[in-house]
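Secondary and tertiary structure notes
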Amino acid sequence: MPANINDINSASSSSGPPESNPVFTAYESYVRDTPLVTRYVLNSVVISYFMSFFVDPTFALANIPFFTLFRFQLYRIVTSPLVCSSILNLFFAFMGFMNHGVKLEQSMGSALFGALFFTLTILTNLLFLIVSILLYGLTNNEGYLAGVSVGVWTVLLSIIAVECAQAPPNSKRKLFFLEIPVLYYPLVLLALFSLFAGFRLAYCLGVAVGYLQGFGKLDRWKVKVETARKWESERGCLRGFYSRAGYISVSSASGPNAWAEGSGGGGNNGNSSQGPGAVRSPSDPGASAKPSFPSSGGQSLGGGSKRGLLSRGSKSPKTKEERAALLERAAERRRQQRDEEGDSAV
């Protein structure tokens, strides 16, 4: 039996626009508000976690001295911080990186932050390999060759150490209910990690490398701003990333204002707000101030104008001939006025 036309019309009119998918909306907000390098690192960590259900990414990508050196699998030096095989590690990685990583990328720009991330990764892993080989040579214990440097917290502790080393010396960071001097904040985090997860050599070396980077001891491996600008040019190696969502160029980086505005101080106080949007540097109010006097139609008070009382136009006389002509016209007007006064008296 055919359906009633009125029923069809009522059904079509009652059906509004489809409801938005909350998962898709949350992902769009994540892509919009998270800078590019931070988002890529976190995406890699999430992919690694889901891969752990099928294969062990730690065995394939972590920095293990036996495989990195004796099997010459040097790619592990770069891929080790992108490995995650625990939901707890994934949760804390998002909490830490969305706080400190976002702020640092907003302040530096995506190119410089990416260079810093991989510089800290490579230096920490190289130092881990050197220390492991030295300990193996001294003790002849093959367990040091099977040691593991893995997880994003190895680099994240370095980033926190860099940030704290460059912070004002008298400032403090809040950890739960404790206020800790900023210089010792990474060490307290390291002690907390060691208390709950055990001692890890890679974490200690990561904090040490972060302090060295923050105090300027590793500036020889630091990428210059001019180099980053060349990477972002039309012929640079990053030209394909420049127009992607969340990319922060060197010229649009907010510098120290990333901690002063937007989403607060990166976890160092309780007044931090949400919303990690990029912050632009405020303009100098003194540089852009304009005088309140009109630019034309009058003379500014106390101005440096050289106009005399005889000036009538917008230009003052410059040559002798112009001044003489002006005086002659003024005398002519006075004669006309006297003649008019005499006629009116008669």
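For the structure itself, consult the block above.
Report follows, based on the coordinates. No experiment lies behind these values; they were computed from the predicted model shown.

1. Some points on the overall build of the chain
Along the backbone of the chain there are 14 helices and two strands. Buried residues in the chain amount to 34% of all 346 residues. Here the contacts in the chain between residues at least 6 apart in sequence split such that 66% fall between residues at least 24 apart. Here the chain has roughly 22,000 Å² of accessible surface; of this, 60% comes from carbon and sulfur atoms.

2. Let's talk about a nonpolar patch on the surface
Taken together, the side chains of I47, F50, M51, F53, F54 and V55 present a nonpolar region at the surface, about 690 Å² in accessible area. The residue F54 is located in the loop between α3 (36–51) and α4 (57–61) in this model.

3. Brief notes about the environment of I47
Within the element layout of this structure, I47 appears in helix α3. Distance from I47 to V83, taken between C-alpha atoms, is 8.8 Å for residues 36 residues apart in sequence.

4. Section: a positive patch on the surface
A contiguous patch of positive charge on the surface is contributed by R329, R333, R334 and R338. Positionally, R333 belongs in helix α14 (residues 320–345).

5. Notes on unusual backbone geometry
Of note in this structure, F72 is not a glycine but carries a positive phi near 55°. For F72, the location among the structural elements is in the loop between α5 (65–70) and α6 (76–79). When its relative accessible area of 64% is taken as the criterion, F72 is described as exposed. Its identity is not glycine, yet N140 carries a phi of approximately 55°, on the positive side. Mapped onto the fold, N140 is located in the loop between α8 (110–139) and α9 (153–165).

6. Digging into the packing of aromatic side chains
Under the defined criterion, the tally for this structure stands at 15 aromatic pairs. Between the aromatic rings of Y49 and F50, the centroid separation amounts to 5.5 Å while the plane-to-plane angle is 65°, which identifies the pairing as edge-to-face. Residue Y49 is classed as buried on the basis of its relative accessible area of 14%. Residues F59 and F67 carry aromatic rings whose centres are separated by 5.3 Å and whose planes lie at 75° to one another, so their mutual orientation is edge-to-face. The rings of F59, F66, F67 and F70 are connected pair by pair, giving a single aromatic cluster.

7. What to know about the pairing of strand β1 (residues 172–175)
What you see with β1 is a clean split: R173 and L175 sit on the buried side and K172 and K174 on the side with no burial. Of the strand pairs in this sheet, β1 and strand β2 (residues 178–181) are connected by four bridges, and their pairing is antiparallel. Looking across to β2, one finds that R173 is bridged to I180. In sequence, β1 turns back onto β2 through a hairpin of two residues, with F176 there showing a positive phi of about 60°.

8. A short note on the nonpolar core
Residues F97 and I159 are the most contacted members of the largest nonpolar core, which totals 38 residues. Put simply, the parts of the chain that give this core at least two residues each are α2 (22–33), α3, α7 (87–108), α8, α9, α10 (185–197) and α11 (201–214). Judged by nonpolar contacts, the second largest core, of seven residues, contains A111, L112, A228 and L238.

9. Some words on α11
Given a rise of 1.5 Å per residue, 14 residues ought to cover 20 Å, and the 20 Å separating the end C-alpha atoms of α11 matches this to within 8%. The element α11 is extensively covered by neighbouring structure, given that ten of its 14 residues are classed as buried. Looking at α11, one finds that the buried residues are A202, Y203, L205, G206, V207, V209, G210, Y211, Q213 and G214. For α11, the secondary structure elements touched by its buried residues are α8, α9 and α10. Where α11 ends, the next residue or the one after it, G216, has phi of about 85°, a positive value.

10. With respect to the pattern of salt bridges
Evaluated as defined, the whole model comprises two salt bridges. For the salt bridge of D33 with R32, the shortest nitrogen-to-oxygen distance reads 3.7 Å. Its relative accessible area of 57% is what places R32 among the exposed residues. The closest approach of N and O atoms between R173 and E163, which form a salt bridge, is 2.5 Å.

Basis of the calculations
Residues numbered from 1 in each chain as written. Predicted model: local features only at pLDDT ≥ 70, side-chain atom pairs only at ≥ 80, totals over all residues. Heavy atoms only, no water. Helix = DSSP H or I, 4+ residues; strand = E, 2+ residues; numbered from the N terminus. Buried < 20%, exposed > 50% of the residue type's maximum accessible area, 1.4 Å probe, protein only. Contact = heavy atoms within 4.5 Å. Areas by Shrake-Rupley, 256 points an atom, 1.4 Å probe, with all protein chains shown as cover. Patch = residues over 30% accessible without salt bridge, like charges linked within 9 Å, V, L, I, M, F, W, Y side chains within 5 Å. Salt bridge = Lys/Arg side-chain N within 4 Å of Asp/Glu carboxyl O. Lys, Arg positive; Asp, Glu negative; His and termini not counted. Charge placed at Lys NZ, Arg CZ, Asp CG, Glu CD. Phe/Tyr/Trp six-rings, centres within 6.5 Å; stacked < 30°, edge-to-face > 60°. Pairing = 2+ DSSP bridges. Core = buried A, V, L, I, M, F, W, Y, C linked by side-chain atoms within 4.5 Å. Expected span 1.5 Å × (residues − 1).

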